[in-house]
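Analysis of the macromolecular model
Listed below are the residues making up each chain.
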Amino acid sequence: MRARDLAEAYPFVTTDDGAMDAARMLAERVLPALLVLDADGHPYAIVPGSQLVRQLVPHYILEDPRLAAVVDERSDVDVAERLAGLTAAEWAPRSAFPPPVVGPDARPMEVAALMARTRSPLVAVIERDADGVRLLGTVTAARLMEHFIGDT
């Protein structure tokens, strides 16, 4: 078994798509992470949902989580407003969330080690050739678990 055999299609947004559209896709499809591709279709970022939520929490609450209990619910509307006008690349910058990628011949344990090391719930499987890079799909944590433990 190789990464190409474990790879599955996965919804994605591009760097130019709106952050609000990306957030809606993440929520509506109940995705563990956001896959962002650049204009050429190359993996740009893979961001766990928890880290996208983290970027919506005001800095002062991250510093002192007790403040979250006293902030009124009107502040929840402000969270959505922070996404307005941002692109997916601005919300999920590559420098903060470089995409974990493997080639099609990577073994499952290689994929698992990369996933564990990067704390990403998915790994992109790419193929490089003379024409550039092509996304073959992604391997999710659930797919790896299924491979390792089989049907129960």
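Higher on the page you've got the structure.
Below: a short report on this structure. (Residues numbered from 1 in each chain as written. Predicted model: local features only at pLDDT ≥ 70, side-chain atom pairs only at ≥ 80, totals over all residues. Heavy atoms only, no water.)

Below, the discussion takes up the sheet that holds strand β6 (residues 132-140). Pairing in this open sheet of 3 strands is mixed, and the strands run β4-β5-β6 from one edge to the other. Because the sheet does not close on itself, it has two edges, and the strands there are β4 (101-102) and β6. In terms of strand pairing, strand β5 (residues 122-129) meets β6 through 8 bridges, oriented antiparallel. Opposite L122, over in β6, you have T140 as the bridge partner. Relative to the sheet, helix α7 (residues 108-118) contacts β4, β5 and β6, its axis offset from that of β5 by approximately 125°. (Pairing = 2+ DSSP bridges. Helix = DSSP H or I, 4+ residues; strand = E, 2+ residues; numbered from the N terminus. Contact = heavy atoms within 4.5 Å. Axes fitted to C-alpha atoms, helices over the stretch in contact; angles between N-to-C directions.)

With respect to burial, strand β2 (residues 33-37) is a largely interior element, 5 of its 5 residues being buried. Residues A33, L35 and L37 point to one face of β2 and L34 and V36 to the other, with burial holding for every one of them. Inspection of the sheet shows strand β1 (residues 13-14) paired to β2 by 2 bridges, in the parallel sense. When the sheet's bridge partners are listed, V13 is paired in β2 with V36. Bridging between β2 and strand β3 (residues 43-48) involves 5 bridges; their strand directions are antiparallel. The residue of β3 that forms the bridge with L37 is P43. In sequence, β2 turns back onto β3 through a hairpin of 5 residues, with G41 there showing a positive phi of about 85°. (Buried < 20%, exposed > 50% of the residue type's maximum accessible area, 1.4 Å probe, protein only.)

It is worth spelling out the packing of α7 against helix α8 (residues 141-149) at this point. Running from amino to carboxyl end, α7 crosses α8 at an angle of 140°, the nearest separation of the two axes being 11 Å. Judged on the interaxial angle alone, α8 and α7 are oblique. The chirality of how α7 crosses α8 is left-handed. Along its contact with α7, which presents P108, M109, V111, A112 and M115, the element α8 presents A141, L144, H147 and F148. Its residues assigned to classes, the contact of α7 with α8 comprises 8 nonpolar, 1 polar and no charged. (Parallel < 35°, antiparallel > 145°, perpendicular 65-115°, else oblique. Left-handed = near helix turned anticlockwise from the far one by under 90°. Nonpolar A, V, L, I, M, F, W, Y, C, P; charged D, E, K, R; others polar.)

Moving on: the nonpolar core. Core analysis: the biggest nonpolar cluster contains 27 residues, and V13, L34, V36, L52 and W91 have the highest contact counts within it. Breaking this core down by element, the ones donating at least two residues are α2 (19-28), β2, β3, α6 (88-91) and β5. Those residues in contact with W91 that sit more than four places away from it in its chain are A19, A22, A23, L34, L52, Q55, L56 and L83. Within the second largest apolar cluster, 13 residues are counted, among which are A3, A7, L114 and L144. (Core = buried A, V, L, I, M, F, W, Y, C linked by side-chain atoms within 4.5 Å.)

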